[in-house]
Amino acid sequence: MKIKIKYFIILLLMFTSATIIAQDEQYQKKLHYVNTVEKIFLNNEVDIQPKLMYGENAMYRFMSRNFKFPKNESPVTEIICSFIVEIDGTISDIKVINNVPESYQKEVIRVMNKFDEPWYPAVKDKKQVRCQYILPIKINLI
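Note that the coordinates shown come from a computational prediction; the quantities given were computed from them, not determined experimentally.

About the cut-offs
- Residues numbered from 1 in each chain as written.
- Predicted model: local features only at pLDDT ≥ 70, side-chain atom pairs only at ≥ 80, totals over all residues.
- Heavy atoms only, no water.
- Helix = DSSP H or I, 4+ residues; strand = E, 2+ residues; numbered from the N terminus.
- Buried < 20%, exposed > 50% of the residue type's maximum accessible area, 1.4 Å probe, protein only.
- Contact = heavy atoms within 4.5 Å.
- Areas by Shrake-Rupley, 256 points an atom, 1.4 Å probe, with all protein chains shown as cover.
- Polar contact = N/O pair within 3.5 Å; in protein donor to acceptor, adjacent residues only side chain to side chain.
- Phe/Tyr/Trp six-rings, centres within 6.5 Å; stacked < 30°, edge-to-face > 60°.
- Pairing = 2+ DSSP bridges.

Remarks on the overall build of the chain
When its secondary structure is counted, the chain shows 3 helices and 7 strands. For the chain, buried positions account for 31% of its 142 residues. The contacts in the chain between residues at least 6 apart in sequence include a share of 77% that link residues at least 24 apart. Counting every atom, the chain has about 10300 Å² of accessible surface; 57% of that belongs to carbon and sulfur.

Focus on the side chain of arginine 130
Its place among the elements puts arginine 130 in strand S7 (residues 127-138). Only 2.6 Å separates the side chain of arginine 130 from the side chain of glutamate 86, close enough to count as a polar contact.

Some words on the packing of aromatic side chains
By the definition in use, this model includes 6 aromatic pairs. Ring centres of tryptophan 119 and tyrosine 133 lie 4.8 Å apart, and the angle between their planes is 65°; on these two criteria the pair is classed as edge-to-face. Of this pair, tryptophan 119 sits in strand S5 (residues 119-120) while tyrosine 133 sits in strand S7, and the two are 14 residues apart along the sequence. Here tryptophan 119 matches tyrosine 133 in class, with each residue buried. Three or more aromatic residues joined by ring pairs make a cluster, and in this case those are Phe67, Phe69 and Tyr104.

Some thoughts on the pairing of strand S4 (residues 91-96)
In this sheet, S4 lies alongside strand S3 (residues 78-85) in antiparallel orientation, the contact comprising 4 bridges. Each bridged residue has a counterpart across the sheet, and for isoleucine 84 the counterpart in S4 is serine 92. Following S3, the chain reverses through 5 residues before pairing antiparallel with S4; glycine 89 in that reversal takes a positive phi of roughly 90°.

Structure representation (structure tokens):
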């Protein structure tokens, strides 16, 4: 009798762990990616570069409508922004990589975090990958 109970418990544990693994795989399929700590590729390392679904002009229009120029700061003509285009089409790790005042950096990061249009992720060897994207933002001081 004790042996049957042990086998029953072992079978129950195996069934439970198999169910948990199956649920985890379903969740990952919904997200369209498995591992978010994968290597980050540069633009020149991928076969197809990431791009916005509605084009880069959509981002520039969004920036021009939402960017608030910091008061009491000297004018800036270019801000170079870097971020990661994730496999699911979102962006992360937004940074300003050129030398501009901190108030401009904070404002660019604020606006970029609000921008929620999806990206087509980069592709390498027929697989979607994470990729660093460099976005130069030119500012006309007219």
